[in-house]
Amino acid sequence: MVTRENGAIAVFGATGQQGGAVVDALLARGARVRALVRTPASDRAQALAARGVEPATVRIDASASTVAALEGVAAFYFMTPEANSLEEVEEEVRVGTALVDAAAAARVPHVVFNSVFGADRETGVPHHDSKHRIEEYLRLSGLRATMVRPTAFMENFATVMAPSLEDGTIVVRLPLPDDIALKMISIKDIGQVAAAILLGAADVPGGAVDVVGDEPTGPRIAAAFGERAGLPSRYEALPLSVLGNDLDKAMFREFAKPSAPSDLAAVKAIEPTVRDLAEWIRSTGWTAPADRVRGRGPQSGT
Ligand SMILES: NC(=O)c1ccc[n+]([C@@H]2O[C@H](COP(=O)([O-])OP(=O)(O)OC[C@H]3O[C@@H](n4cnc5c(N)ncnc54)[C@H](OP(=O)(O)O)[C@@H]3O)[C@@H](O)[C@H]2O)c1
C-alpha cells in the first residue's frame, strides 16, 4: 500500500507526452509513481506498468475512483487534455476541476498543475483561459499548489512546425511576426522541472513558474536549424489565416503581442539541464529533410 511516508507520486496523463515525461523523470530520480489511467489494458499503460509504475484506474465522472487513486500519495501532478473547440475547452475545465476536487477529498499534500504560459491572467485564448480557471479553482481549494506553466513545445518543430529545405535553404514558416520571440521548452524538460518540484528538490517562489528554455524570434529559429544543417536559412512570417482553428488563431494573436523576456535563470535554478533550442535540436539528432525544390536531401547532391 502506498503511504505518504514512502512517497508515491500520482501522475494524471502518464500515457501522454507531458505526463509521460514527468514519469520518466520521476523514475530516473528513484521515485515511486502511481499513474492515474482510464484504460489500464492499453499498450501505453501496460508499458508503464512494466517499468514499475503502479496503475490506478480512474473515471473522471466517478469521483470515488479518483479519490481512491489519490489516497496516501505524497504529491499529485496533473495536466489537462488538449482542447480544439469551445466544447472541448469546457470538458478540459471539467476534468481539471474534478481532479482538484478529488485531490482535496484525498487531502493530497502538494498538487502540481501543468498549466500554460500566460494562465496567470485571462488572455482571451480559450484553451489558456481554461487553465486560468483551473488555476483559480486550485488556489481556492486551499491545497498546497504549484503551477508549472509550459510554453510552446520544441517538439512541434518535429511535427506541425517542421522546417523545410527548399533549394538548399532551411525555411521556417510560422504565423508570427519576425521580430517576436516565441517562448518554448522541450517536453522532456517540462518533465524534469515538474519532477524536481514534485519531489521537493526545488523551491518555486510565488508557487508558479513559467517553463521556458529559449525564446528566439522566427529568424533565430530558422538560423538554429540552418546552423545545425550547415546551410543558409530563411524565416517567413505567415498570416493568421493559414490556421484552420479559431483557438489556434487566438493563441498566435496572443503570441504576437510583445512580452517581457522570461527568467530563464529561474528555470535553470529548478533544473540545470533545461535546453535551449540549439541544444534540443542537437539532442534529437535532427537532420535536414529532403530538398523540396531539388528533390533530394542536403548531402545527396553534393
Ligand atoms: N502543444 C503545445 O505546444 C503545448 C504547449 C503548452 C501546453 N500545451 C497543453 O498541453 C496539453 C496537452 O498535453 P499533452 O500533449 O501532454 O497531452 P497528450 O499527449 O494528448 O496526453 C493526454 C493524456 O491525458 C489522458 N486523458 C485524457 N482524457 C482523460 C480522461 N478523461 N481520463 C483519464 N485520462 C485522460 C490521456 O490518456 P489516454 O492515454 O487514455 O488517452 C493521456 O495520458 C493541452 O492542455 C495543451 O493545451 C500544449
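Residues numbered from 1 in each chain as written. Predicted model: local features only at pLDDT ≥ 70, side-chain atom pairs only at ≥ 80, totals over all residues. Heavy atoms only, no water.

Observations regarding the site of the ligand
Link 1 in the chain: Close to the ligand lie 19 residues, the nearest being T15, Q17, Q18, R38 and T80.
Link 2 in the chain: At a separation of 2.8 Å, an oxygen atom of the ligand approaches a polar backbone atom of Q17.
Link 3 in the chain: A distance of 3.0 Å separates an oxygen atom of the ligand from a polar backbone atom of F153.
Link 4 in the chain: Taken by itself the ligand offers 950 Å² of open surface, and the protein chains cover 79% of this. (Near = heavy atom within 4 Å. Polar contact = N/O pair within 3.5 Å; in protein donor to acceptor, adjacent residues only side chain to side chain. Areas by Shrake-Rupley, 256 points an atom, 1.4 Å probe, with all protein chains shown as cover.)

Here's the deal with the sheet that holds strand β12 (residues 233-237)
Link 1 in the chain: Read from one edge to the other, the open sheet built from three strands follows the order β8-β9-β12, with strand pairing classed as mixed. The open sheet terminates on both sides in strands that have one partner only, identified here as β8 (164-166) and β12. For this sheet, the mean inter-axis angle between neighbouring strands, taken without regard to orientation, is 35°.
Link 2 in the chain: Where strand β9 (residues 169-174) and β12 come together, five bridges link them in parallel fashion. In the sheet register, V172 faces β12, and the bridge partner there is Y235.
Link 3 in the chain: Of the strands in this sheet, β9 and β12 are in contact with helix α7 (residues 218-229), which crosses β9 at around 150°. (Pairing = 2+ DSSP bridges. Helix = DSSP H or I, 4+ residues; strand = E, 2+ residues; numbered from the N terminus. Axes fitted to C-alpha atoms, helices over the stretch in contact; angles between N-to-C directions. Contact = heavy atoms within 4.5 Å.)

Re the nonpolar core
Link 1 in the chain: Residues F12, L26, L70, F76, F78 and L138 are the most contacted members of the largest nonpolar core, which totals 63 residues.
Link 2 in the chain: The contacts of F12, once residues within four sequence positions are left out, are L36, I60, F76, Y77, F78, M79, V95 and L99. (Core = buried A, V, L, I, M, F, W, Y, C linked by side-chain atoms within 4.5 Å. Buried < 20%, exposed > 50% of the residue type's maximum accessible area, 1.4 Å probe, protein only.)

What to know about the sheet that holds strand β11 (residues 208-211)
Link 1 in the chain: Across the sheet, seven strands lie side by side as β3-β2-β1-β4-β5-β6-β11; this open sheet has parallel pairing. Both outer strands of the open sheet, β3 (54-57) and β11, are each paired with one neighbouring strand and no more. Put simply, the sheet's adjacent strands are angled 20° from each other on average, direction ignored.
Link 2 in the chain: Direction of pairing for strand β1 (residues 9-12) relative to strand β4 (residues 75-78): parallel, over a ladder of four bridges. Looking at β4, one finds that A10 is bridged to F76.
Link 3 in the chain: Sheet contacts for helix α1 (residues 17-28): β1, β2 (33-37), β4, β5 (111-114) and β6 (145-150); angle to β1, the most-contacted strand, approximately 160°.

Side note on the packing of helix α4 (residues 86-105) against helix α5 (residues 126-140)
Link 1 in the chain: Where α4 meets α5, the axes come as close as 9 Å, and the angle between the chain directions of the two elements is 20°. If you check the angle between α4 and α5, you find them roughly parallel. Considering the relative orientation of α4 and α5, their crossing is right-handed. In contact with L86, V89, E90, E92, V93, G96, T97, V100 and D101 of α4, α5 contributes P126, H127, S130, K131, R133, I134, Y137 and L138.
Link 2 in the chain: Tallied by class, residues from the contact of α4 with α5 come to eight nonpolar, four polar and five charged. (Parallel < 35°, antiparallel > 145°, perpendicular 65-115°, else oblique. Left-handed = near helix turned anticlockwise from the far one by under 90°. Nonpolar A, V, L, I, M, F, W, Y, C, P; charged D, E, K, R; others polar.)

Nothing here speaks to function; it is geometry throughout.
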